[in-house]
Structure formats: C-alpha cells, structure tokens
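Chain by chain, the residues:
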Amino acid sequence: MNRVETQTQFFRDTWAEINLDHLYENVKNIRDHIPGDVKVFAVVKANAYGHGDVQTAFTALSAGAHGLAVAFLDEAISLRRAGVTAPILVLGATRPKDVKIAADLDISLTTFHQEWLVEAENQLSEGDRLNLHIKCDTGMGRIGVRSTEELMAIEQYVQAHSQFKLEGIFTHFATADELNDDYLDRQLARFEYMLNQLESLPAYIHSSNSAATLRKTNTLFNAVRVGIAMYGLTPSQEMKPELPFPLKEVFSLHSRLIHTKELSAGEKVSYGATYETGEAEWIGTIPIGYADGWLRKLQGQDVIVNGERVPIVGRVCMDQCMIRLPGFLDMGTRVTLIGHHGEEAITMDEIADKLDTINYEIPCMITTRVPRIYMRNGEPTEVSNKLLATGIHSQQENNRQLDE
Ligand code: PMH
C-alpha cells in the first residue's frame, strides 16, 4: 500500500468530521475571555476527547493556546513525535521508571509523592532536567498531595536535586460546572492555603477546567486547562444559560445508505426481530454499529436524512443499523447521526441525554474504527484513519524505519 493511501483514505461510508474552524474559534473566544497573561493549556488527552490529538493540538496552539495537557506519558510522546514543540504536561501519574524519556523529550510530569521523587531521581543522570508540577488534592479525592507537610517535603526535595525543576503547581475542581460555588470555594481556599506554604511560587499555577475558566475569574491564577469547551461542548446543562459566548460543536458523525428496501406491514428488522413494520415501510441500512461506539442503547434515536429526522429501528448491530426512511432514497444518501443537516440538528447533548450520560463521553466513545476527516473552510484537509495508520506521523515514522 503506498504511503499517501494509508494516510489520506478510508474505505467505508461512515466518518466523523472535525470542524477545525469551530475549534479555532472556540479557543480564540476562550483566549479573549480571560486576561492575556493567563496561559491556556489545551487538554488533548484521550485523542483530544476523540477528536484527534495531533490536529486538535496544532489548531489550538495556532489559536493562542500556550501548551497541551494529556493524561498519560504515551499521549505526550505521541504528540512530540508528531512534531509538537510547545509545552506538554502529563496530568496523570507516570511510573518513576519512565521519567528519563520525559526528561529527554521535555515533557512535564505531575508529582505528588516524595517516594516517587526518590525513585525518579535514580533514573536520571547529572545533566538531565525533568520539569514537574505538584498536584494538590484539595477535594477531588483522586490524586494529589493532601497535607501541607507532604507539599513542603516535595518542594524541598525538588529544590535540592538539580535533575528536577519545579515548574508548576495545580489542583482540580470537582464541582466547577455546578452553579452553587460552596464546594469550589472551599477547594480554592485550600489551594490558596497550600500555595502560601511554598517557599517560592513556580512558573505555572493552575486550577481551572473549562467550567471554572468560563465562569469563575478568581480561579484563573496564571494558567488554565481547557478541554470540553474547546470542543464546543458545554461543561454541564446548568451552565448553558451562563455561557459568556456561544460554543460551536466541533465533532459531527455521518454515514451513508448502503441498502434500502420496502418491507410490507408485519415484517421484522434486526436481531431479536424486535421491530415490526406497522405498514409498508422503506427501511435503510447504514454501516455503523456498536463496535464503532454507536451503542445498542441508541435504538430509537433519530438520525437526519435529507434534512428530516427518522428513527433507528430494531437493534443496533456490531457494524450496521437500520433506519426508517420517509420513502425510497438513493443508496449513498448521506445520513447525519450527530451534527447539522439542513434545518435539523442532533447535538452531542441529545445523544448524551439518550444514553443517560454527559456530552464528554460521546466523542470519546466513537471508536478509532471511524475515520476522522478534518475540515477547514468547509473543505476536507486531511483524514486520519487509525485503522490503516497508527496516526499520520507515526505512520511516516514506521515507513521511515522500514526504509532504513
Ligand atoms: N484538568 C484535569 C486534571 C482534568 O482531568 C480535566 C478533564 C481537565 C483539566 C479539563 O476539563 P474540561 O474538559 O472540563 O475542561 N478530565 C476529565 C475527566 O477525568 N473526566 O472527565 C473529564
């Protein structure tokens, strides 16, 4: 298979479109909403919440983000390999035995145990420099330093060892997307108390996710970590009326009719034969199923065909599902599962509602079997098909290695 083919093509009638113009606009609006000296870290963990980490990273950086944040070291390495030179922070835990690669690639890590520092130091040589952010657990109860004693011990240890540089300190709010600020204010006070215990403040101090960035100016410090809002999604339904500017959804999901037929009244559709036509009905098949993250619970959910809502009928299969059509439609007709078509729109929030979950989960759950097409000015600019290439740049690297 030639290189261009592996990098730019896909061979099925289901795809996600990633609107990079919307992404750019959301980041720009966030940038303009906060003071110019507050740096934005674009949170691109989990393949940028399913949107595509490399393309999201470069677009966010071009729109004014200062750096990137991911959950795991692997995600950071993948971005460095893709050519990202901006600061990258790993928010989650990294094994101490893996710190050397982080130091070599100038990837900042999160620390919250003194024993971790002792082990990490053993992996580093004299000339190495590992940038660290201390995570404070002020009430999220997930990871982080809880006592000021631990905090001070970590600060002293880091300052005493030249392989480490204390670059940042941060915490994470549990309830920033709720309009009642009581718990957030307590977390904030706790964080401020912990900051006061430090001998000197590091370069980056950050606590805000999207929700806090959008609605709590007293939580900004000098950096924020923005994920969901950048993707055009509201952190919570409660916050919707409070948004300082409109967010534009970045991710949309599409398929095409691969089969249509007219069934007479009383015929059945899909596994379990649970759907029965009430009259003569046109039924279409689209090539997306639960293995793509289009879960079986989405039976009954509407999709948009020719600007009109129609329901998914019968059980969702692994790779396909059926929809009730308004009448005969040509094969190849576009079907929109998430996004706008004509006057109609199906939002991430509608799908999240149907699945009893939050919008964060929806783009994350659309698996990498679904290729992502990156749109700029309404035109496709690039396709990432993780099935045929484990990421565009690592594919280039694979090819390079094969050539060598
Ligand atoms: N910072 C940390 C430490 C996070 O875990 C997250 C999101 C963000 C910033 C960005 O939050 P936002 O998308 O609301 O802006 N983390 C998660 C999570 O662990 N589960 O859902 C979101």
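Each remark here, short or long, concerns the structure printed above.
Read on for an overview of the structure. (Residues numbered from 1 in each chain as written. Predicted model: local features only at pLDDT ≥ 70, side-chain atom pairs only at ≥ 80, totals over all residues. Heavy atoms only, no water.)

### Side note on the overall build of the chain
No. 1: Helix and strand counts for the chain come out as 13 helices and 21 strands.
No. 2: Here the C-alpha radius of gyration of the chain, 24 Å, is about what a compact globule of 404 residues would show, namely 22 Å.
No. 3: Its C-alpha atoms give the chain principal-axis dimensions of about 80 × 60 × 40 Å.
No. 4: A buried classification covers 53% of the 404 residues belonging to the chain.
No. 5: About 17700 Å² of surface is accessible on the chain, with carbon and sulfur atoms providing 48% of the total.
No. 6: Side chains of the chain carry 38 positive and 55 negative charges; the gap between the two charge centres is 2 Å. (Helix = DSSP H or I, 4+ residues; strand = E, 2+ residues; numbered from the N terminus. Rg over C-alpha atoms; globule rule 2.2 N^0.38 Å. Buried < 20%, exposed > 50% of the residue type's maximum accessible area, 1.4 Å probe, protein only. Areas by Shrake-Rupley, 256 points an atom, 1.4 Å probe, with all protein chains shown as cover. Lys, Arg positive; Asp, Glu negative; His and termini not counted. Charge placed at Lys NZ, Arg CZ, Asp CG, Glu CD.)

### Points about the state of the cysteines
Here a disulfide denotes a covalent bond joining the sulfur atom of one cysteine to the sulfur atom of another.
No. 1: As enumerated under the stated definition, the model contains zero disulfides in all.
No. 2: Note on Cys 317: no disulfide assigned, nearest cysteine sulfur contributed by Cys 321 at a separation of 7.7 Å.
No. 3: Overall, Cys 317 belongs to the buried group, its relative accessible area being 14%. (Disulfide = S-S within 2.5 Å.)

### Structural notes on the pattern of salt bridges
No. 1: Counted according to the given criterion, the structure contains 18 salt bridges.
No. 2: The residue Asp 104 makes a salt bridge to Lys 100 at a minimum N-O spacing of 3.4 Å. Taken as a pair, Asp 104 and Lys 100 lie in helix H6 (residues 99–104) at a separation of four residues, close to a single helical turn.
No. 3: In this structure, Arg 369 and Asp 292 form a salt bridge, with 2.8 Å as the shortest nitrogen-oxygen distance. Taken together, the residues Arg 369 in the loop between helix H12 (361–365) and strand E20 (372–376) and Asp 292 in the loop between strand E14 (281–286) and strand E15 (302–305) connect sequence positions 77 residues apart. (Salt bridge = Lys/Arg side-chain N within 4 Å of Asp/Glu carboxyl O.)

### Side note on the site of the ligand
No. 1: In the neighbourhood of the ligand, 13 residues make up the surrounding shell, with Lys 45, Tyr 49, Ser 210, Arg 225 and Tyr 360 lying closest.
No. 2: Measuring from a nitrogen atom of the ligand, one finds a side-chain N or O atom of Lys 45 at 2.7 Å.
No. 3: One nitrogen or oxygen atom from the side chain of Arg 225 is found 2.8 Å from a nitrogen atom belonging to the ligand.
No. 4: Residue assignment for the shell around the ligand shows that the elements contributing at least two residues are helix H3 (45–49) and strand E9 (223–226).
No. 5: Looking at the shell around the ligand residue by residue, the class counts come to six nonpolar, four polar and three charged. (Near = heavy atom within 4 Å. Polar contact = N/O pair within 3.5 Å; in protein donor to acceptor, adjacent residues only side chain to side chain. Nonpolar A, V, L, I, M, F, W, Y, C, P; charged D, E, K, R; others polar.)

### Observations concerning the packing of helix H8 (residues 148–160) against helix H9 (residues 182–197)
In a packed pair of helices, the relevant descriptors are the angle between the two axes and the axis-to-axis distance.
No. 1: The contact between H8 and H9 brings their axes to 10 Å, and the two run at 40°. Judged by the inter-axis angle, H8 sits oblique to H9. As for how H8 packs across H9, the hand of that crossing is right-handed. For the pair formed by H8 and H9, the contact residues are Thr 148, Leu 151, Met 152 and Glu 155 on the first element and Arg 190, Tyr 193, Met 194 and Gln 197 on the second.
No. 2: Its residues assigned to classes, the contact of H8 with H9 comprises four nonpolar, two polar and two charged. (Axes fitted to C-alpha atoms, helices over the stretch in contact; angles between N-to-C directions. Parallel < 35°, antiparallel > 145°, perpendicular 65-115°, else oblique. Left-handed = near helix turned anticlockwise from the far one by under 90°. Contact = heavy atoms within 4.5 Å.)

### Here's the deal with the environment of His 66
No. 1: You can see His 66 is positioned in the loop between helix H4 (53–62) and strand E3 (67–70).
No. 2: Residues His 66 and Val 40 lie 26 residues apart in sequence; the distance between their C-alpha atoms is 5.4 Å.
No. 3: With residues near it in sequence (within four places) discarded, His 66 still touches Lys 39, Val 40, Phe 41, Leu 61, Ala 86, Pro 87 and Tyr 204.
No. 4: Within the structure, the side chain of His 66 is placed 2.7 Å from the side chain of Tyr 204, a separation counted as a polar contact.

### Description of the packing of helix H2 (residues 20–33) against H4
No. 1: Running from amino to carboxyl end, H2 crosses H4 at an angle of 45°, the nearest separation of the two axes being 8 Å. When the interaxial angle is binned, H2 and H4 end up oblique. Taken as a pair, H2 and H4 cross one another with a handedness that is right-handed. Contacts between H2 and H4 involve Leu 20, Leu 23, Tyr 24 and Val 27 from the former and Gln 55, Thr 56, Thr 59, Ala 60 and Ser 62 from the latter.
No. 2: The class makeup of the residues in the contact of H2 with H4 is five nonpolar, four polar and no charged.

### A short note on a nonpolar patch on the surface
No. 1: Taken together, Tyr 290, Leu 295 and Met 318 make up a surface patch of nonpolar side chains, about 260 Å² in accessible area.
No. 2: Structurally, Leu 295 can be placed in the loop between E14 and E15. (Patch = residues over 30% accessible without salt bridge, like charges linked within 9 Å, V, L, I, M, F, W, Y side chains within 5 Å.)

### Some remarks on the nonpolar core
No. 1: Leu 109, Leu 130, Leu 253, Trp 294 and Ile 323 are the most contacted members of the largest nonpolar core, which totals 110 residues.
No. 2: Per element, the largest residue contribution to this core is five residues, and it comes from H9.
No. 3: The residue makeup of this core includes at least three contributed by each of domain 1 (20–242) and domain 2 (251–388).
No. 4: Counting residues in each nonpolar core, the second largest holds seven residues, with Tyr 275, Val 313, Cys 317 and Met 322 among its members. (Core = buried A, V, L, I, M, F, W, Y, C linked by side-chain atoms within 4.5 Å. Domains from an automatic or database assignment.)

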